[in-house]
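# Geometric and topological summary
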Amino acid sequence: MSLCEDARTLQGDLVDLRHRLHREPEIGLDLPRTQETVLRALAGLPLEVTLGRSLSSVTAVLRGYAPGPTVLLRGDMDALPVTERTGLPYAAAADRMHACGHDLHTTMLAGSARLLAAHTDRLAGNVVFMFQPGEEGQDGAGHMLREGVLEAAGQRPVAAYALHVTSSGLPQGMFTTRRGPILAASDTAYVTVRGAGGHGSMPHLARDPIPAACEMVLALQTLVTRCFDVNDPVVVTVGSMHGGTQHNIIPEEVRFEATVRSFSPSACARARDGIVRVVRGVADAHGVEAGIDYQDGYPATVNNAAEAEFVADTVAELHGEERFTWAAHPQPGAEDFSRVLDEIPGSFVALGATPSDADPDSAAYNHSPLAAFDDAVLCDGAALYAHLALRRLTVEQSLPTR
Ligand SMILES: [Zn+2]
C-alpha cells in the first residue's frame, strides 16, 4: 500500500485523537493531559521516547532498518486563552481553545509516527518526532533545543520540517511554502513615559507625558515609512496605551506597548535601534523621561531554499502538483520553529484546513473563537510528514554531497 492509502486507513483514529485533544486544550509549557494523550497514541510503536524536564514535551526517535542520517519533524501541542464559539460537537468547554489548530499538528505528527513505524524497512536513518508545548509565546522550541532535541538520535538532523494548518486563506487541502523568510520576527517594546503630574488647567506647571507619548506613537509610524525598504518591511503596532485617571488631572506617567515585526536580521536590528532612538528623542524634545524595555521575541522563520523546493516536489509526488502553491509573500505572524531553522536547514509548510462549507476568503482565521479546521486534512498531513522524512532520507543517501 502507498503512504496515502495507509494514511487513509488511519483517518478514523486520527479524527478521534484530534477531537480528544480539542476537547481538552492546555496552554503554555505544561500540558500534562496532552502529553499523556500523545504517549497513549504512540504506545506500542518502536520509538525511543524522552520527556521534557522543564516542559511537557515528547521527543520520540524512530530508527530505520539501516543506519543513516536523521530528519526532524515538529508538531506543536499548545492551545490559546480563547473561549470557543464554533458550536462544534467536540468544542472545548473552558476558556481555552485549540484556535490555532495545534491539535491537528499533534495528531498528524502522531499519525506519521505510526505510518513510518510500519515502513522502517524503507527507512535508512532516523526520524525525530518533536512534540512541542509552548509555541504561543512561551518559546517551547527554545526549551527543547536547550534540552537536546537536536541530539535525540545521537546525531544532528540533516533537515527539519513543520506543518501548520490555517482555518482560512488557503483552500482545503492546499499546501504552501516559500523559499527564504516565511514568517516574521516578533519583538516587543514596553515604554514608560514619565513627566510631572498637575492640574489639567495649568499644564505649564506640570510636565505632561500624554502629548509626548502620543507623538512617540506617530513618530514610530513615520520611522516605519521613512527608514525601511518596502521590500524588507517592518510593522510597528502600539496595541496598548494607558495613562491618567480623569479629564482634569495631568498624570505622572503613560505606558504603552508595541509589537514589532520584521523579516530579516538587519531590519530587526535597525527597528530596535530606531525605536529606542525615536522614543528617547521625543522624550528629550518634550522634557520628559522615557524608559524602554525592548524584548526580543522569536526570530524570523527562514526556510532553506533547497528544502522549500524539496517540500514542493514531495507534495507534488504524494498528492499531485495541483495541491501545492508557492506563497507570494511571507506572513507577519511569528513561530518558534524559527529556532530550529536557525540551526538546521528545513522548511515550514502551511496546509489549508478551511471547512468544506466555508469560503477560504472569508472564514474565521486562526486565533478567532470561530476558527474551525476540517478533519479531512488529517490523513494527508500525516502522510506528508511521513513522506518528507522517507524521501529526504532517500535523497540524502543518493546525494551525500547535497
Ligand atoms: Zn500556531
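About the cut-offs
- Residues numbered from 1 in each chain as written.
- Predicted model: local features only at pLDDT ≥ 70, side-chain atom pairs only at ≥ 80, totals over all residues.
- Heavy atoms only, no water.
- Core = buried A, V, L, I, M, F, W, Y, C linked by side-chain atoms within 4.5 Å.
- Buried < 20%, exposed > 50% of the residue type's maximum accessible area, 1.4 Å probe, protein only.
- Helix = DSSP H or I, 4+ residues; strand = E, 2+ residues; numbered from the N terminus.
- Contact = heavy atoms within 4.5 Å.
- Pairing = 2+ DSSP bridges.
- Axes fitted to C-alpha atoms, helices over the stretch in contact; angles between N-to-C directions.
- 1 Å grid on protein atoms, 1.4 Å probe; cavity = no way out; pocket = protein on both sides within 12 Å on 5 of 7 lines; lining within 4 Å.
- Points joined across faces, edges and corners; volume = space filled by probe spheres on them.
- Nonpolar A, V, L, I, M, F, W, Y, C, P; charged D, E, K, R; others polar.
- Domains from an automatic or database assignment.
- Phe/Tyr/Trp six-rings, centres within 6.5 Å; stacked < 30°, edge-to-face > 60°.
- Lys NZ or Arg CZ within 6 Å of the ring centre and 35° of its normal.
- Donors = N, O, S within 2.8 Å, 3.2 Å for Na, K, Ca; no water.
- Disulfide = S-S within 2.5 Å.
- Buried area = accessible area lost by both parts, 1.4 Å probe.
- Salt bridge = Lys/Arg side-chain N within 4 Å of Asp/Glu carboxyl O.
- Polar contact = N/O pair within 3.5 Å; in protein donor to acceptor, adjacent residues only side chain to side chain.

In this structure, Leu42, Leu73, Met108, Leu116, Val127, Phe129 and Phe131 are the most contacted members of the largest nonpolar core, which totals 61 residues. A total of twelve residues in this core trace back to one element, the largest contributor, which is helix H9 (residues 378-398). Contact partners of Leu116, with chain neighbours within four places excluded, come to Leu62, Leu73, Leu123, Val127, Phe129, Ala386, Ala389 and Leu390. Counting 27 residues, the second largest nonpolar core, distinct from the first, contains Ala213, Val236, Val278 and Val279.

Positive phi outside glycine occurs at Asp139, with the angle close to 60°. At His367, a residue that is not glycine, the phi angle is positive and equals roughly 85°. Within the secondary structure, His367 is located in the loop between strand S16 (346-352) and H9. In this structure His367 comes out as partly exposed when scored by relative accessible area, which is 38%.

A word on the sheet that holds strand S6 (residues 175-177). The eight strands lie next to each other as S1-S2-S4-S3-S5-S16-S6-S15, forming an open sheet whose pairing is mixed. This sheet does not close on itself; its edge strands, each paired only once, are strand S1 (47-51) and strand S15 (324-326). Between one strand axis and the next, the sheet turns through 25° on average, direction left out of account. Bridge count for strand S3 (residues 66-76) against strand S4 (residues 124-132) is eight bridges, and the pairing is parallel. Bridged to Arg74 within S4 is Met130.

The next thing to look at is the layout of surface pockets. Space left empty within the atom packing is revealed by a probe, the size of a water molecule, rolled over the atoms. If you add up the space inside the largest pocket, you get close to 930 Å³. In terms of lining, the largest pocket is formed by 38 residues, of which the most central are Leu183, Gln331, Pro332, Gly333 and Ala334. Breaking the lining of the largest pocket down by element, the ones donating at least two residues are strand S5 (159-166), S6, strand S7 (180-183), strand S8 (185-194), strand S12 (253-262) and S16. Taken together, the residues that form the lining of the largest pocket break down as 14 nonpolar, 17 polar and seven charged. Mapping the lining of the largest pocket onto the domain boundaries places at least three of its residues in each of domain 1 (3-183 + 300-398) and domain 2 (185-298). Space inside the second largest pocket adds up to approximately 180 Å³. Lining the second largest pocket we find Leu10, Asp13, Leu14, Leu17, Arg20, Arg40, Ala41, Ala110, Gly111 and Arg114.

In this structure the tally under the stated criterion is three aromatic pairs. Residues Tyr161 and Phe310 carry aromatic rings whose centres are separated by 6.1 Å and whose planes lie at 25° to one another, so their mutual orientation is stacked. Taken as a pair, Tyr161 in strand S5 and Phe310 in helix H7 (residues 305-319) lie far apart in primary sequence, 149 residues in all. Using a relative accessible area of 4% as the deciding quantity, one classes Phe310 as buried. Where Phe324 meets Trp326, the ring centres are 5.0 Å apart and the plane angle is 85°; that geometry is what we call edge-to-face. Here the basic side chain of Arg179 rests over the ring of Trp326, its NZ or CZ set 3.9 Å away from the ring centre. For the cation-ring pair, Arg392 lies above Phe310, with the distance from its terminal atom to the ring centre recorded as 5.9 Å.

It is worth spelling out the coordination of the zinc ion at this point. Surrounding the zinc ion are the protein donor atoms Cys100 (SG), His102 (NE2) and His164 (NE2), which sit 2.2 to 2.4 Å from the metal. Counting gaps between the donor residues of the zinc ion yields the pattern C-x1-H-x61-H. With His102 in helix H3 (residues 102-117) and His164 in strand S5, the pair connects residues that are 62 residues apart, well separated along the chain. Judged on exposure class, the residue His102 and its partner His164 are both buried.

Note on terminology: a disulfide is the covalent bond linking the sulfur atoms of two cysteines. Overall, the coordinates contain zero disulfides when judged by the stated rule. Cys227 forms no disulfide, and the closest cysteine sulfur to it belongs to Cys268, at a distance of 16 Å.

In terms of domain boundaries, the chain breaks down into domain 1 (3-183 + 300-398) and domain 2 (185-298). Here the C-alpha centre of domain 2 lies 37 Å away from the C-alpha centre of domain 1. Domain 1 puts 18 residues into the contact, and the matching count from domain 2 is seven residues. Ranking the residues of domain 1 by area buried against domain 2 places Ala300, Pro332 and Ala334 at the top, with a combined share of 50%. Our enumeration of links across domain 1 and domain 2 arrives at zero salt bridges. For the pair domain 1 and domain 2, the interface holds five residue pairs in polar contact (both at pLDDT 80 or more). For the side of domain 1 that touches domain 2, the secondary structure elements donating two or more residues are S7 and helix H8 (337-341). For the side of domain 1 that touches domain 2, the per-class residue count stands at six nonpolar, six polar and six charged.

A separate point is the sheet that holds S12. Judged by pairing direction, the sheet is antiparallel, and its four strands sit side by side in the order S10-S12-S8-S13 without closing on themselves. The open sheet has two edge strands, strand S10 (234-243) and strand S13 (289-295), and neither has a second partner. Taken pair by pair, the neighbouring strands of this sheet meet at an average axis angle of 20°, ignoring direction. The pairing of S10 with S12 spans nine bridges and is classified as antiparallel. Paired with Met241 across the strands is Phe256, a residue of S12.

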